[in-house]
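A structural walkthrough
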Amino acid sequence: MFKYTIKRLLQSLVTVLVVATIVFLLMRMLPTDYYFSEDQLMKLTEAQKQEQLAAAGLLDPIPEQLVRFYGQILRFDFGESRRIQSGVAVIEVIGSKFTISMKNGCIALVISLIVGVLLGILQTRHKDRLLDHIGTGYTIFVNAVPSLVSYSLVLVFGSKVLGLPSIYSSRRPEVSSILPIVCLALASIASYALWTRRYMVDELNKDYIKLARIKGMSSKTIMVKHVFKNAFVPLAQYIPASFLYTIGGSLLVERFFSVPGMGPLLTDSIIRYDVNVVQTLAIIYAALGIIGVFLGDILMMLLDPRIKLTGRGGTR
């Protein structure tokens, strides 16, 4: 366990550095004019621009800039925003927006996990019946219909029927976050229901379940103590990744409902060529994905001690 943890942490660090390097090099391929605001481009002479670029180290050889960039990452110094909030530290720019995305993501994950798993259990209990067909239909609908269409349906129903705000408001964050959270949870509910049903049906067809029935064990005991317990182990692997992807992957939802989270910040920073913000967000998203996969493996092993993450003979 300890060796596996150290190995994965080192692999994760290397992966994050590779992603950061690629983004850094791509940003350095942009024309130098993108490093200045609109006002600076109009006021500064060419000599003054070159002087500021040299002072910022942007005219140094790329390898030298890259080494300096690695040092900044290790010190968690991501520089200042040049265009989104000129002169403000990138961490400060991202901080408040990350908090909003994380809060909505946590709530959406809890809802999707509870509703999705319960729906999958009910589908398994009523396999090939009406409830199972309804759940399957919902899963197919969510996966087949474009996200914007399903978001529009939620928006129309929530605003016209329930009277909920259609646009995020900082004055009423709790109420105006309801529709974005619902939209974030839609796909995850379908995914959890689908995989819960699949894993539980697979468990029901195994020999030890047939033996338990022959011994006279009740259906409820079989479902709770054996089927669901064993089916939840592979499902648990995706919970941390789902949580972290929800935080980082809410770009479309936050843009759709005008939520001031990390999603709109990413697109705005790309459009306005705010290099430091783009680099930092790329590192954060890469770290979120890697941490999610790592925590999923750990959680699966904790739920089932029989699973070994390292060793010989085909183990992970």
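These numbers were taken from a predicted model, which means no experiment stands behind them.

Quick notes on the rules
- Residues numbered from 1 in each chain as written.
- Predicted model: local features only at pLDDT ≥ 70, side-chain atom pairs only at ≥ 80, totals over all residues.
- Heavy atoms only, no water.
- Helix = DSSP H or I, 4+ residues; strand = E, 2+ residues; numbered from the N terminus.
- Buried < 20%, exposed > 50% of the residue type's maximum accessible area, 1.4 Å probe, protein only.
- Contact = heavy atoms within 4.5 Å.
- Phe/Tyr/Trp six-rings, centres within 6.5 Å; stacked < 30°, edge-to-face > 60°.
- Polar contact = N/O pair within 3.5 Å; in protein donor to acceptor, adjacent residues only side chain to side chain.
- Salt bridge = Lys/Arg side-chain N within 4 Å of Asp/Glu carboxyl O.
- Axes fitted to C-alpha atoms, helices over the stretch in contact; angles between N-to-C directions.
- Parallel < 35°, antiparallel > 145°, perpendicular 65-115°, else oblique.
- Left-handed = near helix turned anticlockwise from the far one by under 90°.
- Nonpolar A, V, L, I, M, F, W, Y, C, P; charged D, E, K, R; others polar.
- pLDDT = per-residue confidence, 0-100.
- Patch = residues over 30% accessible without salt bridge, like charges linked within 9 Å, V, L, I, M, F, W, Y side chains within 5 Å.
- Areas by Shrake-Rupley, 256 points an atom, 1.4 Å probe, with all protein chains shown as cover.

Re the overall build of the chain
From N to C terminus, the chain includes 15 helices and zero strands. Each of the three principal axes of the chain carries a C-alpha extent, and together these read 85 × 60 × 30 Å. Expressed as a percentage of its 316 residues, the buried residues of the chain come to 41%. A separation threshold of at least 6 residues defines the contact pool for the chain, and within that pool the share at least 24 residues apart is 68%.

Let's talk about the packing of aromatic side chains
A complete count under the given rule lists five aromatic pairs for this structure. Their ring planes at 35 degrees and their centres at 6.5 Å tell us that Phe 69 and Tyr 70 sit as a pair that is tilted. Since its relative accessible area comes to 6%, Phe 69 is described here as buried. Judged by centre distance (6.1 Å) and plane angle (55 degrees), the ring pair of Tyr 151 and Phe 256 falls under tilted. Here the residue Tyr 151 occupies a position in helix α7 (residues 147–161), and Phe 256 occupies one in helix α13 (residues 251–256), the gap between them amounting to 105 residues.

Let's talk about helix α14 (residues 262–271)
Of all 10 residues in α14, seven are buried; the element is thus mostly enclosed. For α14, every residue scored as buried is listed here: Met 262, Gly 263, Pro 264, Leu 265, Leu 266, Thr 267 and Ser 269. The inward-facing, buried residues of α14 contact α5 (90–125), α13 and α15 (275–303). The positive-phi residue at the C-terminal boundary of α14 is Tyr 273, with phi of around 55 degrees.

So, the side chain of Ser 81
Mapping Ser 81 onto the fold places it in the loop between α4 (62–74) and α5. Of note is the side chain of Ser 81, whose polar atom sits 3.3 Å from the backbone nitrogen of Ile 84. Contact partners of Ser 81, with chain neighbours within four places excluded, come to Ser 86, Gly 87, Val 88, Val 90, Val 93, Asp 274 and Val 277.

Some points on the environment of Pro 63
Checked against the element boundaries, Pro 63 lands in helix α4. Along the backbone, Pro 63 and Val 88 are 25 residues apart, and their C-alpha atoms lie at a distance of 27 Å.

As for unusual backbone geometry
Despite not being glycine, Asp 128 shows a phi value in the positive range, around 65 degrees. Tracing the backbone through its elements, the reader meets Asp 128 in the loop between α5 and α6 (130–144). Looking at Asp 128, the relative accessible area reads 51%, which means it is exposed. In this structure, Tyr 273 takes a positive phi of about 55 degrees despite not being glycine. Relative to the helices and strands, Tyr 273 resides in the loop between α14 and α15.

Focus on the pattern of salt bridges
Counted under the stated rule, the structure contains six salt bridges. We note a salt bridge from Asp 128 to Lys 127, for which the minimum N-O separation is 3.2 Å. Residue Lys 127 is classed as partly exposed on the basis of its relative accessible area, which comes to 36%. Residue Asp 132 is joined to Arg 197 by a salt bridge in which the shortest nitrogen-to-oxygen separation is 2.9 Å. On the criterion of sequence distance, the pair formed by Asp 132 in helix α6 and Arg 197 in helix α9 (residues 178–204) is long-range, its members being 65 residues apart. By the burial criterion, Asp 132 is buried, and Arg 197 matches it. Each member of the salt-bridge network shares a partner with another, and the members are Asp 60, Glu 64 and Arg 68.

A short note on the packing of α5 against helix α11 (residues 219–236)
Axis separation between α5 and α11 bottoms out at 13 Å; the angle between their running directions is 130 degrees. Taken as axis vectors, α5 and α11 run oblique relative to one another. Crossing of α5 against α11: the hand is right-handed. Of the residues in α11, those touching α5 at Val 117, Ile 121, Thr 124 and Arg 125 are Met 223, Phe 228 and Leu 235. Class assignment of the residues belonging to the contact of α5 with α11 gives a composition of five nonpolar, one polar and one charged.

Overview of the confidence of the model for the chain
Should the pLDDT be low somewhere, the predicted coordinates at that spot are not to be read in detail. For the chain, the average pLDDT comes to 82, and 92% of its residues sit at 70 or higher. Taking the mean pLDDT of every element in the chain, the minimum, 67, falls on helix α12 (residues 239–248) and the maximum, 91, on α6.

Things to note about the packing of helix α10 (residues 207–214) against α11
For the pair α10 and α11, the least separation of the axes is 11 Å and the interaxial angle reads 175 degrees. Classified by the interaxial angle, the pair formed by α10 and α11 is roughly antiparallel. Residue-level inspection shows Tyr 208, Ile 209, Ala 212 and Arg 213 of α10 in contact with α11, the latter providing Ile 222, His 226, Val 227 and Asn 230. Its residues assigned to classes, the contact of α10 with α11 shows five nonpolar, two polar and one charged.

Some thoughts on a nonpolar patch on the surface
A grouping of Ile 107, Val 110, Ile 111, Ile 114, Val 115 and Leu 118 is seen on the molecular surface, where their side chains present a nonpolar patch of about 480 Å² in accessible area. Along the chain, Val 110 falls in helix α5. Accessibility expressed as a relative area gives 48% for Val 110, which makes it partly exposed.

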